[in-house]
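What the coordinates show
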Amino acid sequence: MNQKYSTVPYNDQKAVYETPTPTKMIVPFPNSLSDSRRPRRTVEKQQENHEFLTRCIKEDLGFHDSKPLAACIIYKSLLNWRAFESERTAIFDHIIDGINTAVRVGDEKNSILPYWLSNASTLLCLLQRNLRTGSFLSTPSQRGLTGRIAQSLKSPFRYAGLDENTSIEARYPAVLFKQQLAACVEKIFGMIRDLSKKEIGPLLAHCIQ
């Protein structure tokens, strides 16, 4: 009996008992394709959003029930993408650059300038009434032209077909976007005023003569 169990040395028996368990031998799976492609999909989605807004800005979408469609679409898109709550985003710069380009290309056409004055002022009014900022990001009350535009629309949410009770905590990029948009409104209004003076000036001079 003793000889039967003594045929295997003690050291060899110990080596058998220390064989790794199956859990120790499992090799972890590499990251799935969805995980590896996630940053790429995010970039592609952002590119799609930029292209969509570019089409909205370049094309003359006109009005529906006296509502400027471009402003309504841009605002609702930013709302759905939660862009106003983002700490970092380039979407606002993309919109401002697109509006400035559209205005610069059509600076000799009076039809383009009123179109963008309507859209930019409506979008600005929606931001002023809908975005909520912290005390350290609070901006002074709007005066002058932009202030009068904001007061002229009693309910910009109903004007754009949106819910009036919506309130969003805006981050710094959204606050900066609102300031840049106000500057765009002032710029477009000034361009319309200068073109009107240029057209009316000769007529007034002829009438005086």
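Residues numbered from 1 in each chain as written. Predicted model: local features only at pLDDT ≥ 70, side-chain atom pairs only at ≥ 80, totals over all residues. Heavy atoms only, no water.

**Considerations on the overall build of the chain**
Along the chain, the regular secondary structure elements total 11 helices and four strands. Classification of the 209 residues of the chain by burial places 33% in the buried group. (Helix = DSSP H or I, 4+ residues; strand = E, 2+ residues; numbered from the N terminus. Buried < 20%, exposed > 50% of the residue type's maximum accessible area, 1.4 Å probe, protein only.)

**Quick look at helix H11 (residues 172–208)**
With 37 residues, H11 extends 53 Å between its outermost C-alpha atoms, agreeing within 8% with the 54 Å of an ideal straight helix rising 1.5 Å per residue. Ile 200 marks where H11 bends most, by close to 30°; the proline Pro 202 follows one to four residues later. (Expected span 1.5 Å × (residues − 1). Bend = angle between axes of the 7 residues up to and from the residue.)

**Some details on unusual backbone geometry**
In this structure, Asp 65 is a non-glycine residue whose phi angle is positive, near 55°. Mapped onto the secondary structure, Asp 65 falls in the loop between strand S1 (63–64) and strand S2 (67–68). With a relative accessible area of 60%, Asp 65 lands in the exposed category. One non-glycine residue, Ser 66, lies in the positive phi region at around 65°. Inspection of the secondary structure assignment puts Ser 66 in the loop between S1 and S2. Take Ser 66: its relative accessible area is 58%, and that puts it in the exposed class.

**As for the packing of helix H6 (residues 69–80) against helix H8 (residues 112–130)**
Contact geometry of H6 with H8 gives a least axis separation of 8 Å together with a crossing angle of 35°. Classified by chirality, the crossing of H8 by H6 is right-handed. Facing H6, whose interface residues are Leu 69, Ala 70, Ala 71, Ile 74, Tyr 75 and Leu 79, H8 presents Tyr 115, Asn 119, Thr 122, Leu 123, Leu 126, Leu 127 and Asn 130. Tallied by class, the residues present in the contact of H6 with H8 amount to 10 nonpolar, three polar and no charged. (Axes fitted to C-alpha atoms, helices over the stretch in contact; angles between N-to-C directions. Left-handed = near helix turned anticlockwise from the far one by under 90°. Contact = heavy atoms within 4.5 Å. Nonpolar A, V, L, I, M, F, W, Y, C, P; charged D, E, K, R; others polar.)

**Quick word on the side chain of Ser 118**
For Ser 118, the location among the structural elements is in helix H8. By relative accessible area, which is 19% here, Ser 118 ends up buried. When near neighbours in sequence (up to four residues on either side) are disregarded, Ser 118 contacts Phe 63 and Pro 68.

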